[in-house]
Amino acid sequence: MSKTIETNVVRAAIQVDGEQASYLTAGQDSPVVLLLHGTYWSRVWLPVLDQLAAAGLRPIAVDLPGLGRSGGELTLQTATVPALADWVARFASAMQLSGPVAVVGHDIGGAVAQHLLARNLLEVSRLALANSVTYDSWPVAGVARFRDPEVIAAVGAEELLAARRQAVTAALAGAAIEPLVVEYLDPWNDARVRRSWMALAGAADSRYTLELVPALQSSATPKLLIWGEDDGFQKVEYAERFAAEMPHTTLVRIPDAGHIPMENAPEQVGRALVEFLTE
């Protein structure tokens, strides 16, 4: 089942672990680019998918299990970065993606992308990170509080939706018009997705990126950082440190952009990705 989202973008699904794995894609029979989200959903990548496809690439932006439009439900065990990286590898297998694949990650999805490369779960040809978690930059306070089981038990639907509205509005920065905020929030109207998101937040742990540093420092894989400079969640200083310490890394700064620069400057982000992925 597919649903047209934009001119050349469709939403499709495949079974992984007996549950529907939903994804946005564009293009056919082209080199694959696997795009991962974090505390949001595949919607973060929609503004750049047509541009990637027009450049001769096949972007696949998947919703992690229990989030976005995917089925299933995350637990504290299945929502850890290593567990999600294993799931993405199974998704890639279900999609019959063979050979080298470029991986792009945003937010916690960037930790998953780093894990795929550092632990050799996929043959990652190129790694791009957009306002990603790195080192000990996460979890931020609004996420970290869900590591307390008592907080999870006490938070009701209205409170969580209000908190997510506040976070989404801040993340979208200048693009935060009401219709877009509502669109971003839509999956959290589902109680199953709310529970999955709280599991993802509860499982957030910076050790999952800190422990990858030695492997990333020894990696010769080309890396690109795309960073909204006005991000209040993942500070650009972390990107500067990553670019300085990790070999073969280029940093592209996006001025006047927040945590989701794809919404603030889609053409600039898309161009940076295309140039990097088609070199």
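Just so it is clear, the structure is predicted and the values come from calculations on it, not from any experiment.

The residue arginine 194 is located in helix H8 (residues 191–202) in this model. For arginine 194, a relative accessible area of 15% gives the class buried. If near-sequence neighbours (up to four positions away) are discounted, arginine 194 is found in contact with Ala157, Leu160, Trp188 and Asn189.

On to the nonpolar core, then. Leu36, Trp45, Phe91, Leu116, Tyr184, Trp197 and Leu273 are the most contacted members of the largest nonpolar core, which has 102 residues in total. Top element by residues in this core is helix H2 (residues 81–94). It accounts for 8 residues. Beyond its immediate chain neighbours, meaning those up to four positions away, leucine 116 contacts Leu36, Ala85, Val88, Val103, Leu121, Leu122 and Val124.

Our focus in this paragraph is the environment of alanine 171. Tracing the chain through its elements places alanine 171 in helix H6 (residues 157–172). Overall, alanine 171 belongs to the buried group, its relative accessible area being 0%. In this structure the C-alpha to C-alpha distance between alanine 171 and arginine 207, which are 36 residues apart in sequence, comes to 24 Å. Once you skip the residues sitting within four places of it in the chain, alanine 171 turns out to touch Tyr40, Phe233, Gly258, His259 and Ile260.

Our next topic: unusual backbone geometry. At the junction of tryptophan 138 and proline 139, the peptide bond is cis and its omega measures out at -5 degrees in the coordinates. Of note, proline 139 is situated in the loop between strand S7 (124–132) and helix H4 (141–144). Residues other than glycine seldom take positive phi values, yet asparagine 131 does so here, at roughly 40 degrees. For tyrosine 135, which is not a glycine, the phi torsion comes out positive at approximately 45 degrees. With respect to the secondary-structure elements, tyrosine 135 resides in the loop between S7 and H4. Classification of tyrosine 135 by relative accessible area gives buried; the value is 3%.

Turning our attention to helix H3 (residues 108–118). Burial analysis of H3 places 11 of its 11 residues in the buried class, the great majority of the element. Residues of H3 that are buried: Ile108, Gly109, Gly110, Ala111, Val112, Ala113, Gln114, His115, Leu116, Leu117 and Ala118. One or two steps after H3, the chain reaches asparagine 120, where phi turns positive at roughly 55 degrees.

Our focus in this paragraph is the packing of H6 against helix H7 (residues 178–185). Remark: H6 packs on H7, axes separated minimally by 10 Å, with the N-to-C direction vectors making an angle of 125 degrees. On the basis of their axis angle, the class for H6 and H7 is oblique. Crossing angle aside, the handedness with which H6 passes H7 is right-handed. In contact with Leu161, Arg164, Arg165, Val168, Thr169 and Leu172 of H6, H7 contributes Glu178, Leu180, Val181, Val182, Tyr184 and Leu185. When the residues that make up the contact of H6 with H7 are grouped by side-chain class, the tally is 8 nonpolar, 1 polar and 3 charged.

Taken across its 5 residues, strand S4 (residues 32–36) has 5 buried, putting it largely inside the fold. Covered by surrounding structure in S4 are Val32, Leu34 and Leu36 together with Val33 and Leu35, the residues of both alternating faces. For S4 and strand S5 (residues 58–62), the ladder comprises 5 bridges, and the chain directions are parallel. The residue bridging leucine 34 from the neighbouring strand is isoleucine 60, located in S5. Between the parallel pair S4 and S5, the chain is carried across by helix H1 (residues 46–54), and the sense of this crossover is right-handed. Here 4 bridges tie S4 to strand S6 (residues 101–107), and the two strands are oriented parallel to one another. When the sheet's bridge partners are listed, leucine 36 is paired in S6 with glycine 105.

Moving on, we get to the environment of isoleucine 226. With respect to the helices, strands and loops of the structure, isoleucine 226 is situated in strand S8 (residues 223–228). The exposure class assigned to isoleucine 226 is buried, which follows from its relative accessible area of 2%. On a C-alpha basis, the gap between isoleucine 226 and arginine 145 in space is 28 Å, while along the polypeptide they are 81 residues apart.

Time to look at the side chain of serine 196. Within the secondary structure, serine 196 is located in helix H8. A polar contact of 3.0 Å, which involves the side chain of serine 196, links it to the backbone nitrogen of leucine 74. Beyond its immediate chain neighbours, meaning those up to four positions away, serine 196 contacts Gly66, Leu67, Gly72, Glu73 and Leu74.

Parameters at a glance
Here the residue numbering is sequential within each chain, running from 1 through the sequence in written order. Only residues with pLDDT of 70 or above have their local features reported here, since the model is predicted, and side-chain atom pairs are shown and tallied only from 80 upward, although totals for entire chains, interfaces and linings are computed over all residues. In computing side-chain properties, one takes all heavy atoms of the structure into account and sets aside hydrogens as well as water. Numbering goes from the N terminus for both helices and strands, where a helix is a DSSP run of H or I of at least four residues and a strand is a run of E of at least two. Three labels apply to residues, based on accessible area from a 1.4 Å probe with only protein chains included: buried if under 20% of the type maximum, exposed if over 50%, partly exposed otherwise in between. It only takes one pair of heavy atoms within 4.5 Å for two residues to be counted as in contact. Think of a nonpolar core as a cluster: buried Ala, Val, Leu, Ile, Met, Phe, Trp, Tyr and Cys residues, connected wherever their side-chain atoms sit within 4.5 Å. Between the N-to-C directions of two axes lies an angle of 0 to 180 degrees, each axis being a line fitted to C-alpha atoms and, for a helix, fitted only over the stretch in contact. Roughly parallel means an angle under 35 degrees; roughly antiparallel, over 145; roughly perpendicular, 65 to 115; everything else is oblique. Crossings are assigned a handedness: left-handed for a near helix turned anticlockwise from the far helix by less than a right angle, right-handed for a clockwise turn. Classes in brief: Ala, Val, Leu, Ile, Met, Phe, Trp, Tyr, Cys and Pro nonpolar; Asp, Glu, Lys and Arg charged; the others, Gly included, polar. Strand pairing is assigned whenever DSSP detects at least two bridges linking the two strands. Classification remark: right-handed applies to a crossover when, strands pointing away from the viewer, the course from the first strand over the helix to the second runs clockwise. N or O atoms closer than or at 3.5 Å make up a polar contact, with two conditions inside protein: a donor-capable atom paired with an acceptor-capable one, and, for residues adjacent in sequence, both atoms drawn from side chains.

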